[in-house]
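# Remarks on the overall topology
So you can see what is in the structure, the chains are spelled out below.
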Amino acid sequence: MKRQTLILIKTLTWLACLVPLARLLWGAVTNNLGPDPIANITFTTGSATLNLLTISLALTPVRRLIPELSWLVKFRRLIGLFAFFYATLHLATYVALYAGFDLHAMAADIAKRRYITMGLAAWLLLLPLAATSTNWAIRKMGGKNWNRLHKLVYVAAVCGVIHYWWQVKPGVLSPLSITLMLALLLISRPIWTWNQRRKLRLRAA
Ligand code: HEM
């Protein structure tokens, strides 16, 4: 792929990833964040996190199914970092707007509300992944260890989805579509490995 095309796609990826933030900023500037601005900010940042995590996890299966789209994997790190960025904005919304920086209230919330505990677990799992996302960290850790650590992104995404289910009212099914997508991505991994091994065995026979 040509360098200019890659730069263009990278710019478009940046712009697409910035859309949720731009919507929030525009809503704040125009005083148009809806009847419950805090809920709006929480929803926008929380769902941006989950959507971007899911997209970043989908890139490898897409590359396997359509080898012509292998270049997409070049954008996985950028999309993953944007997921962490929105998760951190989401956490900051909680710390500043829900808990008003009250450490005691936050500690009580973490102990008492399981959806908060699960959300925090998801963010804490993403933290070492964001911290080791540089080329320097990859070189320092070695590809194998880095890959092993970065498998945690699946656990973080599952914690994020559980956190989502645990905080919606009973009967509300809004987390269902992202849960099904994530489940499909999780199942596709072992199926792919099993199929590759089967092909190798058939070739060797
Ligand atoms: C990867 C990490 C996380 C993801 C993917 C995530 C995702 C979400 C999503 C999708 C919602 C639903 C918003 C709605 O339907 O209105 C939500 C709500 C919420 N999250 Fe998170 N979250 C994460 C981490 C956290 C953390 C670390 C905290 C705080 C410690 C937190 C606190 C909340 C709160 C307070 C709500 C709103 C609950 C309510 O409306 O009563 N989340 N989150």
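Before reading further, recall that the structure is shown in the block above.
So, here is what we can say about the structure in this document.

Criteria and cut-off values
Residues numbered from 1 in each chain as written. Predicted model: local features only at pLDDT ≥ 70, side-chain atom pairs only at ≥ 80, totals over all residues. Helix = DSSP H or I, 4+ residues; strand = E, 2+ residues; numbered from the N terminus. Buried ≥ 20, exposed ≤ 12 C-beta atoms within 10 Å, placed from the backbone. Contact = placed C-beta atoms within 7 Å. Expected span 1.5 Å × (residues − 1). Bend = angle between axes of the 7 residues up to and from the residue. Near = placed C-beta within 6 Å. Nonpolar A, V, L, I, M, F, W, Y, C, P; charged D, E, K, R; others polar. Core = buried A, V, L, I, M, F, W, Y, C linked by C-beta atoms within 7 Å. Axes fitted to C-alpha atoms, helices over the stretch in contact; angles between N-to-C directions. Parallel < 35°, antiparallel > 145°, perpendicular 65-115°, else oblique. Left-handed = near helix turned anticlockwise from the far one by under 90°.

Counting secondary structure elements, the protein chain contains nine helices and zero strands. Listing each helix as α and each strand as β along the protein chain from the N terminus yields α-α-α-α-α-α-α-α-α. Put simply, the protein chain has 205 residues, and 21% of those count as buried. For the protein chain, the share of sequence-separated contacts (at least 6 apart) that also reach a separation of at least 24 residues comes to 67%.

Despite not being glycine, Asn-31 has its phi angle at roughly 55°, a positive value. Relative to the helices and strands, Asn-31 is located in the loop between helix 1 (3-29) and helix 2 (37-65). Here Asn-31 falls in the exposed class, since 7 other C-beta atoms lie within 10 Å of it. At Phe-101, a residue that is not glycine, the phi angle is positive and equals roughly 60°. Mapped onto the elements of the fold, Phe-101 is located in the loop between helix 3 (76-98) and helix 4 (103-112). On the neighbour-count criterion, Phe-101 (9 C-beta atoms within 10 Å) is exposed.

When the terminal C-alpha atoms of helix 1 are compared, their 37 Å separation across 27 residues agrees well with the 39 Å that a helix rising 1.5 Å per residue should span. Largest kink in helix 1: about 45°, centred on Val-19, with the proline Pro-20 one to four residues after it. Summarising burial for helix 1: two of the 27 residues are buried, a small minority. Directly beyond the C-terminal end of helix 1, a positive phi value near 55° is found at Asn-31.

Time to look at the site of the ligand. Around the ligand lies a shell of 23 residues, among which Phe-43, Gly-46, Gly-119, Ala-122 and Gly-160 are the nearest. Contributing elements (two or more residues each) for the shell around the ligand: helix 2, helix 3, helix 5 (114-131) and helix 8 (152-167). Sorting elements by how many residues they give to the shell around the ligand places helix 2 first, with seven residues. Among the residues forming the shell around the ligand, the class breakdown is 14 nonpolar, nine polar and no charged.

Bringing the nonpolar core into the picture now. Leu-52, Ile-79, Ala-83, Tyr-86 and Leu-126 are the most contacted members of the largest nonpolar core, which totals 26 residues. Secondary structure elements with two or more residues in this core: helix 2, helix 3, helix 5 and helix 8. Among the elements that make up this core, the one with the highest residue count is helix 3 (seven residues). Not counting chain neighbours up to four residues away, the residues in contact with Ala-83 comprise Thr-49, Leu-52, Leu-53 and Ser-56.

Moving on to the packing of helix 2 against helix 3. Where helix 2 contacts helix 3, the two axes come as close as 8 Å, and the packing angle between them is 155°. With respect to each other, helix 2 and helix 3 are oriented roughly antiparallel. When the axes of helix 2 and helix 3 are compared, the crossing they make is left-handed. The segment helix 2 lies against helix 3, with Ile-38, Ile-41, Thr-42, Thr-45, Gly-46, Ala-48, Thr-49, Leu-52, Leu-53, Ile-55, Ser-56 and Leu-59 engaging Arg-76, Ile-79, Gly-80, Phe-82, Ala-83, Tyr-86, Ala-87, Leu-89, His-90, Thr-93 and Leu-97. For the contact of helix 2 with helix 3, the per-class residue count stands at 14 nonpolar, eight polar and one charged.

Running from N to C, helix 3 and helix 5 point in directions that differ by 135°, and their axes come no closer than 10 Å. Our classification of the angle between helix 3 and helix 5 gives oblique. As helix 3 packs across helix 5, the resulting crossing turns out to be left-handed. Here Gly-80, Leu-81, Phe-84, Ala-87 and Leu-91 of helix 3 come into contact with helix 5, specifically with Trp-123, Leu-126, Leu-129 and Ala-130. Looking at side-chain class alone, the contact of helix 3 with helix 5 contains eight nonpolar, one polar and no charged residues.

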